[in-house]
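Observations on the three-dimensional arrangement
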Amino acid sequence: MMNPLIMFRRTCLIVSSFIILLSNTLHAQQPWNDLKVMEENKLAPHTLVIPYADQSAVERLDYLGSPWCRSLNGVWKFKYVERPADVPKKFYASKFNVSDWDSIQVPGNIELQGFGVPVYVNTRNEFPSNPPYAPVDYNPVGCYVRNFELPHEWQGRRVVLKFGAVKSAMKLYVNGKYVGYSEDSKTPAEFDITKYTVKGRNRLAMAVYRFCDGSYLECQDMWRMSGITRDVVLYATPKAYVSDYSVETDYVDRGKGSLALTVCTHGAAGRTLSVALLKDGKTLMSEQATVGLDGMAHIEKNISNIKPWHEHSPELYTLVIALDNPADRNNPSLVGGKVGFRRIKIEAGQGRLSAVPRKRNYRSGTGFKVIRDEGLKHFIAHHRTGSFFIACI
């Protein structure tokens, strides 16, 4: 006859294994605990393609001043709960009453505005580890709600909602309908919400989870906090638009360089794409290309009279990309940004950036020791250029 103690232990093991299996199954029913789900209905990553008002706005990188962009930063209605099971039922519905909810500033961390506790740890998680699952008994959720109105001029255009960063996972709803889901707390999340919007007032709602299965990958030496931590903007594009672009530049020598541009578009096959490179109001390059049937356009050009980008002199040029508008030839859709020209290579065992030798933070006689006056002088020089970093060796 089997020992009763052994039978008891085996029974406990079977029961506990069943409970763990059941718990993991329940966990995996939600996207924030499903390894197969990192996003739902989220746009593919791309460079900034918010349409600018005009060429001078591209030079200033002033996309927030564009008539096709609206900031949703500010005060939102907010409800904090300590576990997903306590999220108010259908809080995202268009007529759900949030008048008695708290308010919160967006962008901003939840834990620094009176809800929850910020936690500092180094290499371990701030919750009981059960990889790959995030906890359910304590996994605070911030429920956000705010209303917005689309400008009349946006009618008939594609509308995109962009979150600069949300930690650690989010579900998005517009006018009571589920739009999508996103993880990865330090990269933008964009959603095409055109079909969810209506004329007049619209309601935006989202649930932000403090932990998700991706939290195991974001376990780093830092303060652990959650919330909508970067800008939230709406922007509108024409039905035919630039969806992405990439630029490769090279600095040859003596003021000569090259630029290779690839532009991805949607619904713009056969249209004309105009590209210009500007510096201090002067046009250094102006080219055109026709968008192919695959929606792509390519331009390669050698350029003269340019200065190389270097950490001590970070020369940048303005790239303007204009997609023509057959309905209004005088108002093409403009996107763009800043580019620099540099070349990195090794000559005679020494690294060179734009033909200038690279130097390590090493001084003869003192090694890696930083002499205060020298270090301060170095810091000030880099601060004036806006390009510096501090390395701990």
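Residues numbered from 1 in each chain as written. Predicted model: local features only at pLDDT ≥ 70, side-chain atom pairs only at ≥ 80, totals over all residues. Heavy atoms only, no water.

Regarding the overall build of the protein chain
Put simply, the rule reads: Strands are runs of DSSP state E lasting at least 2 residues, helices are runs of H or I lasting at least 4, and numbering of each runs from the N terminus. The buried label goes to any residue with under 20% of its type's maximum accessible area, the exposed label to any with over 50%, and the partly exposed label to all in between, with areas taken from a 1.4 Å probe on protein chains only. We call two residues contacting when some pair of their heavy atoms lies within 4.5 Å. Only the protein chains shown count as cover for residues, and all accessible areas are computed by the Shrake-Rupley method using a 1.4 Å probe.
Tallying secondary structure elements over the protein chain gives three helices and 27 strands in all. Residues counted as buried form 41% of the 393 residues belonging to the protein chain. Contacts in the protein chain between residues far apart in sequence, at least 24 positions, make up 73% of those at least 6 positions apart. For the protein chain, the accessible surface area stands at approximately 22,300 Å², while carbon and sulfur atoms represent 53% of it.

A look at the side chain of Asp324
Following the sequence through the fold, Asp324 ends up in the loop between strand S23 (317–323) and strand S24 (333–339). Every residue in contact with Asp324, bar those within four places of it in the chain, is listed here: Arg271, Thr272, Arg329 and Pro332.

Considerations on the pattern of salt bridges
Stated formally: Here a salt bridge means any side-chain nitrogen of Lys or Arg lying within 4 Å of a carboxyl oxygen belonging to Asp or Glu.
Following the criterion strictly, the structure yields eleven salt bridges and no others. Residue Glu126 pairs with Arg224 through a salt bridge whose shortest N-O separation is 2.8 Å. With Glu126 in the loop between strand S5 (119–121) and strand S6 (141–149) and Arg224 in strand S13 (residues 222–224), this pair connects stretches of sequence that are 98 residues apart. On the accessibility criterion, Arg224 (2% relative accessible area) is buried. A salt bridge links Asp192 to Arg158, with the nearest nitrogen and oxygen atoms 3.6 Å apart.

Some details on the environment of Asp328
We apply this condition: What qualifies as a polar contact is a pair of N or O atoms within 3.5 Å, subject to a donor-acceptor requirement within protein and to the restriction that residues adjacent in sequence count only when both atoms come from side chains.
Position of Asp328 relative to the elements: it lies in the loop between S23 and S24. The partly exposed category is assigned to Asp328, whose relative accessible area is 29%. Of the polar contacts made by the side chain of Asp328, one reaches the side chain of Asn331; its length is 2.7 Å.

Some words on the confidence of the model for the protein chain
To be explicit about the condition: The predictor attaches a confidence to each residue, and that confidence, scored 0 to 100, is pLDDT.
Here the protein chain averages 89 in pLDDT, and 83% of its residues register 70 or above. A low-confidence stretch, residues 17–24 (pLDDT under 50), is modelled with two contacts involving residues beyond four sequence positions or located in other chains.

Section: unusual backbone geometry
Looking along the chain, the bond that leaves Pro131 and enters Pro132 is cis, with omega of 5°. Inspection of the secondary structure assignment puts Pro132 in the loop between S5 and S6. Note that the residue after Lys167, namely Ser168, is joined by a cis bond; omega there is -5°. Its location among the elements puts Ser168 in the loop between strand S8 (166–167) and strand S9 (169–174). Non-glycine residue Asn41 carries a positive phi angle of around 60°. Note on placement: Asn41 falls in the loop between strand S1 (39–40) and helix H2 (55–60). Accessibility expressed as a relative area gives 53% for Asn41, which makes it exposed. Its identity as a non-glycine residue notwithstanding, Asp184 has a phi of 80°, on the positive side. By secondary structure assignment, the location of Asp184 is in the loop between strand S10 (177–183) and strand S11 (189–192). For Asp184, a relative accessible area of 33% puts it in the partly exposed group.

Notes on the sheet that holds S24
Put simply, the rule is: Note: two strands are recorded as paired if DSSP finds a minimum of 2 bridges between them. As a rule, the C-alpha atoms of each element are fitted with a line to give its axis, helices using only the stretch in contact, and angles between N-to-C directions run from 0 to 180 degrees.
With respect to topology, four strands assemble into an open sheet ordered S19-S18-S23-S24, the strand pairing being antiparallel. Each of the sheet's edge strands pairs with one partner strand only, and the pair in question is strand S19 (282–290) and S24. Within the sheet, the average angular offset between the axes of one strand and its neighbour, ignoring direction, is 20°. Note: S23 against S24, seven bridges, orientation antiparallel. Residue pairing for S24: Ala322 is matched across the bridge by Leu334.

Let's talk about the sheet that holds strand S26 (residues 350–353)
Strands sit in the order S25-S26-S27 across an open sheet of three strands; the sheet is antiparallel. Every interior strand has two partners, whereas the edge strands, strand S25 (344–347) and strand S27 (356–357), have only one. Pairing between S25 and S26: four bridges, direction antiparallel. Across the sheet, the residue bridging to Lys345 is Arg352, located in S26.

Here we look at the pairing of strand S3 (residues 74–81)
Of the strand pairs in this sheet, S3 and strand S4 (residues 102–106) are connected by five bridges, and their pairing is antiparallel. Its bridge partner lying in S4, Trp76 is registered against Ile104.

As for the packing of aromatic side chains
Heads up, the rule is: Between 30 and 60 degrees the pair is tilted, below 30 it is stacked and above 60 it is edge-to-face, where a pair is any two Phe, Tyr or Trp rings, Trp via its six-membered ring, whose centres lie within 6.5 Å. A ring is scored as having a charge over it whenever the NZ atom of a lysine or the CZ atom of an arginine sits within 6 Å of its centre and within 35 degrees of its normal.
Enumeration over the complete set of coordinates arrives at 15 aromatic pairs. Ring centres 6.0 Å apart and planes at 65° place the aromatic pair Phe96 and Trp101 in the edge-to-face group. The partly exposed category is assigned to Phe96, whose relative accessible area is 24%. For the ring pair Phe127 and Tyr216, a centre distance of 5.5 Å and an interplane angle of 85° mean the geometry is edge-to-face. One end of the pair, Phe127, is in the loop between S5 and S6; the other, Tyr216, is in the loop between strand S12 (201–209) and S13, with 89 residues separating them in the sequence. Ring pairing ties together the aromatic residues Phe91, Tyr92, Phe96, Trp101, Tyr173 and Tyr178, which thus form one cluster. Directly above the ring of Tyr241 sits Arg158, whose terminal nitrogen or CZ lies 3.9 Å from the centroid. Taking the ring centre of Trp309 as reference, the NZ or CZ of Arg342 above it sits at 5.5 Å.

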